[in-house]
Amino acid sequence: MTTPDPIAPELSVPPDLILTSAQRALLHEVASRNDRDHGADFLGMVLSGSVARGMATERSDLDVYVVHAQETGRSTTRSPVVDEIPTTLADLEDVSPFASEGWWYRWSFAYAVTLLDRTGGRIERAVARLAAVDADEQRQILLDHDRLDGWVNYAYRSLKSDRDGRRREARLDAVESIPWLLDVVFTLEGRVRPYHKYLPWELREHPLPHWPGEDLLRLLDATMDGDPAALRETYARVRERCLAHDAASGSTVLQDQVDDWGVELEIFE
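Counting restarts for each chain: residues are numbered from 1 in the order of the written sequence. The model is predicted, so local features are restricted to residues of pLDDT at least 70 and side-chain atom pairs to those at 80 or more, both for listing and for counting; the totals for chains, interfaces and linings are taken over all residues. Hydrogen atoms and water are omitted, and side-chain values are computed over all heavy atoms in the structure.

Q: How do you make sense of helix H5 (residues 122–130) when you look at a structure like this?
A: Each α-helix winds once per 3.6 residues, and so residues spaced three or four apart point in a common direction. Any residue under 20% of the maximum accessible area for its type is buried, any over 50% is exposed, and the rest in between are partly exposed; the area is computed with a 1.4 Å probe on protein chains only. Helical segments are the DSSP runs of H or I of at least four residues, strand segments are the runs of E of at least two, and each set is numbered from the N terminus. Every buried residue of H5 is accounted for by Ile-123, Ala-126, Val-127 and Leu-130. In a view along the axis of H5, the buried residues occupy a sector of 100°, so they form one face of it. For this analysis, residues touch if any pair of their heavy atoms sits within 4.5 Å. If you follow the buried residues of H5, they end up packed against strand S3 (42–48), strand S4 (62–68), helix H3 (89–93), helix H4 (103–106) and strand S7 (113–117). Directions drawn from the helix axis to the C-beta atoms are what define this arc.

The following block contains the structure:
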């Protein structure tokens, strides 16, 4: 729920969002200038970045998406205090698939703040959709893009190297497994994986329903050290979540993907 804020007649911010007077003035300037220059084509503004998430430091700038009805011909303008990123409503509503160029920008809309929406809620709904992973995307990410199988593969290779006394190789594969693991964990929760900078913050402020944040961070730290016990514990947790996901969807597709490894899975025991 947002409440009107005095920085501009139409802008609204959550009451717990901390903005300096200079930042308020900048947002007012961006809104007023776009209103003046584009009129009815200026549809709204979305605040992203550290400021929107309450992680700002003295070096943080404002990351502001400015939404228009059509292309303006302008590119992103950057300064030490504000990055103004022009976009269109159509682009905002175009959900880029996993592994595409646009996918890497989707998390920038997670927990972003819609400051202005003249579209009857379309901007706010588009922002929420970009930060979520629906059932079709879950299958695509986990199976079609092999993120689940890929994580099992790297964890398996790390454990094999550890078994054979190749500790450096074990650590390398363990570290390599982490991006795949995070894709699996967040996809199973219907979320886009956060940027590393925001991972501890998200786990603390927006906990995963089925995986305590401190447990996940502990396992990640141990995995980076190539700890075989951490990989085995993580495997057990991932398998449990896959079985629960299958049960909820009335299928066995994720279990089948893992079980295809056959006797090789004994290394996780």
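Here the narrative resumes.
Q: Help me understand the nonpolar core in this model?
A: The tendency in soluble globular proteins is for nonpolar side chains to be buried as a group. We define a nonpolar core as any set of buried Ala, Val, Leu, Ile, Met, Phe, Trp, Tyr and Cys residues linked to one another through side-chain atoms lying within 4.5 Å. Ranked by internal contacts, the top residues of the largest apolar core, which has 38 residues, are Leu-148, Trp-151, Leu-216, Leu-220, Val-238 and Phe-268. The element contributing the most residues to this core is helix H8 (residues 167–188), with nine residues. Once residues lying within four places of it in the same chain are set aside, the contact partners of Phe-268 are Val-152, Ala-155, Tyr-156, Leu-159, Leu-231, Arg-232 and Tyr-235. Core analysis: the next-biggest nonpolar cluster, separate from the first, contains 19 residues, Leu-47, Val-51, Leu-62 and Val-82 among them.

Q: Teacher, can you tell me more about the packing of helix H7 (residues 147–163) against H8 here?
A: Any two packed helices are characterised by the angle at which their axes cross and by the distance between the axes. Only the stretch in contact is used when a helix axis is fitted, and all axes are lines through C-alpha atoms; the angle between N-to-C directions ranges over 0 to 180 degrees. The contact between H7 and H8 brings their axes to 8 Å, and the two run at 160°. Considered as vectors, H7 and H8 are oriented roughly antiparallel to each other. Here H7 runs over H8; the crossing is left-handed. Contact residues: Arg-147, Leu-148, Gly-150, Trp-151, Tyr-154, Ala-155, Arg-157, Ser-158, Ser-161 and Asp-162 in H7; Arg-167, Glu-169, Ala-170, Asp-173, Ala-174, Glu-176, Ser-177, Pro-179, Trp-180, Leu-181, Asp-183 and Val-184 in H8. Residues of the contact of H7 with H8, tallied by class, amount to 10 nonpolar, four polar and eight charged. These descriptions rest on fixed angle ranges, namely under 35 degrees for roughly parallel, over 145 for roughly antiparallel, 65 to 115 for roughly perpendicular, and the rest for oblique. Crossing handedness is defined as follows: a turn of the near helix away from the far one that is anticlockwise and smaller than a right angle gives a left-handed crossing, while the clockwise case is right-handed. Gly is put with the polar residues, along with every residue not named as nonpolar or charged; the nonpolar set is Ala, Val, Leu, Ile, Met, Phe, Trp, Tyr, Cys and Pro, and the charged set is Asp, Glu, Lys and Arg.

Q: So what exactly am I meant to see when it comes to the sheet that holds strand S5 (residues 77–78) here?
A: Strand pairing within a sheet occurs via backbone hydrogen bonds; the two strands may be parallel or antiparallel. When DSSP finds two or more bridges between a pair of strands, those strands are recorded as paired. Overall, mixed pairing links the five strands, which are arranged S5-S6-S4-S3-S7 in an open sheet. Two strands bound the open sheet, and with one partner strand each, they are S5 and S7. When S3 meets S7, the two strands line up antiparallel, connected through four bridges. Along S7, the bridge assignment pairs Leu-47 with Val-113. Packing against the sheet, helix H1 (residues 21–38) makes contact with S3, S4, strand S6 (82–88) and S7, and its axis sits at approximately 20° to S4.

Q: Looking at this structure, I do not really get the confidence of the model for the protein. What am I missing?
A: Atom-level detail of predicted coordinates should not be read off regions where pLDDT is low. Looking at the protein, pLDDT values average 94 and 97% of them are 70 or higher. A score between 0 and 100, pLDDT records how confident the predictor is in each residue. Taken as a whole, residues 1–8 scores under 50 in pLDDT and shows 19 contacts with residues more than four places along the chain or in a different chain.

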